[in-house]
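If you want the building blocks of each chain, they are given just below.
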Amino acid sequence: MTRPTADAHAPNSTGDNRLVVAISSRALFDLGDSHELFEQQGLDAYRAFQIEHENEILKPGVAFPLVQKLLDLNKLGGDVPPVEVILLSRNSGDTGLRIFNAIQHYGLEISRAAFTSGAPTSDYIAPFKADLFLSANAEDVGRALAAGVAAATILPSTAPPRATEQLRIAFDGDAVIFGDEGERVSREEGLEAFHRSERELADEPLSVGPFRGFLSAVHRLQAAFPAEDSPIRTALVTARSAPAHKRVILTLRRWGVRIDEALFLGGRDKGPFLDAFGADIFFDDSPANVESARKHVATGHVPHGVSNR
């Protein structure tokens, strides 16, 4: 892979070009059995179980391959903006020891964490200056989105990890990268009105969605490499089709953000296309779309916009 060159893009809120991802323990590791124990028998039983098994290594969770690939970017050296992963967990420090044992076992460079003993973790996203928050707890995700942070609920998935070293991230458009105005028109007035509106507003940029900042942070990483030799590849996978494609393309061009692949599916099932792209993670606001997608790839539900009201 070509050695990266310096990037002139503006820094993010951390004061540098660092990409910061906050993740919950249940998104990173498979804690299904112990979480079920917590729900059925309560905190004391959960605590006793985790302490008793703290030297048994947890299996990777749905978002583990994504985190591994993100942290591997730090090994490339040169002028690549650094990636930092923060652990935010509703465990206590006591029960969280098992999680850090697993982090050490897998060689994940994660050193910062907040253990809240059952309290919401979202209060610590802003102090850590995270660009993205991934959690299995929908309540924490909703709080993060309300605070203006890109966030998604990681859903259970049987999708196998991707064998390629390249990190591949796929995004839905409306209510994820962009605002949800288009979806509102489509729901309230129908598809014909939506296409008419998009033709009329083709030269007007779409509004900003909750993942706009994270997309820019990913772009800063990509910009450190030649486009033909990048360790990161992105895709827009949207239900839009012509003529509604033009406004999307012009908006991304106005923002100065690169998307490597754009799939305008016109309502087709997204799952097989995401599988063909080889996504390590896919973000979508539609409950129906994420149910389809998670059969094929790791999927994060973004509970934002009119589809979730």
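Here the structure is a predicted model, which means the values were calculated and not measured. (Residues numbered from 1 in each chain as written. Predicted model: local features only at pLDDT ≥ 70, side-chain atom pairs only at ≥ 80, totals over all residues. Heavy atoms only, no water.)

## What to know about the nonpolar core
Ranked by internal contacts, the top residues of the largest apolar core, which has 68 residues, are Leu28, Phe29, Ile110, Phe211, Phe214 and Phe283. Mapping this core onto the domain boundaries places at least three of its residues in each of domain 1 (19-154) and domain 2 (167-301). The residues touching Phe211, leaving out its near neighbours within four places in the chain, are Leu132, Ala150, Ala151, Ala152, Phe171, Val176, Ile177, Phe283 and Val302. (Core = buried A, V, L, I, M, F, W, Y, C linked by side-chain atoms within 4.5 Å. Buried < 20%, exposed > 50% of the residue type's maximum accessible area, 1.4 Å probe, protein only. Domains from an automatic or database assignment. Contact = heavy atoms within 4.5 Å.)

## Focus on the side chain of Thr121
As for its placement among the helices and strands, Thr121 is situated in the loop between strand S3 (113-115) and helix H6 (125-128). Look at Thr121 and you get buried, because its relative accessible area is 2%. A polar contact of 3.2 Å, which involves the side chain of Thr121, links it to the side chain of Asp140. Residues within four places of Thr121 in sequence aside, it is in contact with Leu88, Ser89, Arg90, Thr116, Phe133 and Asp140. (Helix = DSSP H or I, 4+ residues; strand = E, 2+ residues; numbered from the N terminus. Polar contact = N/O pair within 3.5 Å; in protein donor to acceptor, adjacent residues only side chain to side chain.)

## Some thoughts on helix H10 (residues 212-222)
Within H10, ten of the eleven residues are buried, which leaves it mostly tucked inside the rest of the structure. Of the residues making up H10, those classed as buried are Arg212, Phe214, Leu215, Ser216, Ala217, Val218, His219, Arg220, Leu221 and Gln222.

## Focus: the pattern of salt bridges
Applying the stated criterion to the full structure yields 15 salt bridges. The partner of Arg47 in a salt bridge is Asp94, and the shortest N-O contact between them spans 2.5 Å. Here Asp94 lies in the loop between strand S2 (83-89) and helix H5 (97-105) and Arg47 lies in helix H3 (residues 43-52), a separation of 47 residues in the sequence. Look at Arg47 and you get partly exposed, because its relative accessible area is 40%. Linking Arg143 and Glu139 is a salt bridge whose minimum nitrogen-to-oxygen distance equals 3.4 Å. Linking Arg143 with Glu139, this pair stays in helix H7 (residues 138-146), spanning four residues, or about one helical turn. For Glu139, a relative accessible area of 43% corresponds to the partly exposed category. (Salt bridge = Lys/Arg side-chain N within 4 Å of Asp/Glu carboxyl O.)

## A few points about the domain arrangement of the protein
Note: interface size is frequently given as the accessible area lost on complex formation between the parts. Domain parsing of the protein yields domain 1 (19-154) and domain 2 (167-301). One C-alpha centre belongs to domain 1, the other to domain 2; they are set 26 Å apart. Each partner contributes to the interface: domain 1 provides 20 residues, whereas domain 2 provides 18 residues. For the pair domain 1 and domain 2, the summed buried surface comes to about 1600 Å²; carbon and sulfur atoms form 80% of the total. Among the residues of domain 1 in contact with domain 2, Leu19, Leu66 and Lys69 are the three that bury the most area, contributing 27% of the side total. Counting the contacts that link domain 1 with domain 2 gives one salt bridge. Note that Lys69 and Asp280 form a salt bridge whose closest N and O atoms lie 3.0 Å from each other. Counting across the interface, domain 1 meets domain 2 through two residue pairs in polar contact (both at pLDDT 80 or more). Those elements giving two or more residues to the side of domain 1 that touches domain 2 turn out to be helix H4 (64-72), strand S4 (132-135) and strand S5 (150-154). (Buried area = accessible area lost by both parts, 1.4 Å probe.)

## Digging into the sheet that holds strand S8 (residues 261-264)
In space, the ten strands of this open sheet follow the order S3-S2-S1-S4-S5-S10-S9-S6-S7-S8, with mixed pairing throughout. Two strands bound the open sheet, and with one partner strand each, they are S3 and S8. Here the strands of the sheet are splayed against their neighbours by 20 degrees on average, with no regard to which way each runs. Running at roughly 145 degrees to S2, H4 makes contact with strand S1 (19-23), S2, S4, strand S6 (167-171) and strand S9 (281-284) of the sheet. Each of S1, S2, S4, S5, S6, strand S7 (232-238) and S9 is contacted by H10, which is oriented at about 145 degrees to S7, the strand it contacts most. (Pairing = 2+ DSSP bridges. Axes fitted to C-alpha atoms, helices over the stretch in contact; angles between N-to-C directions.)

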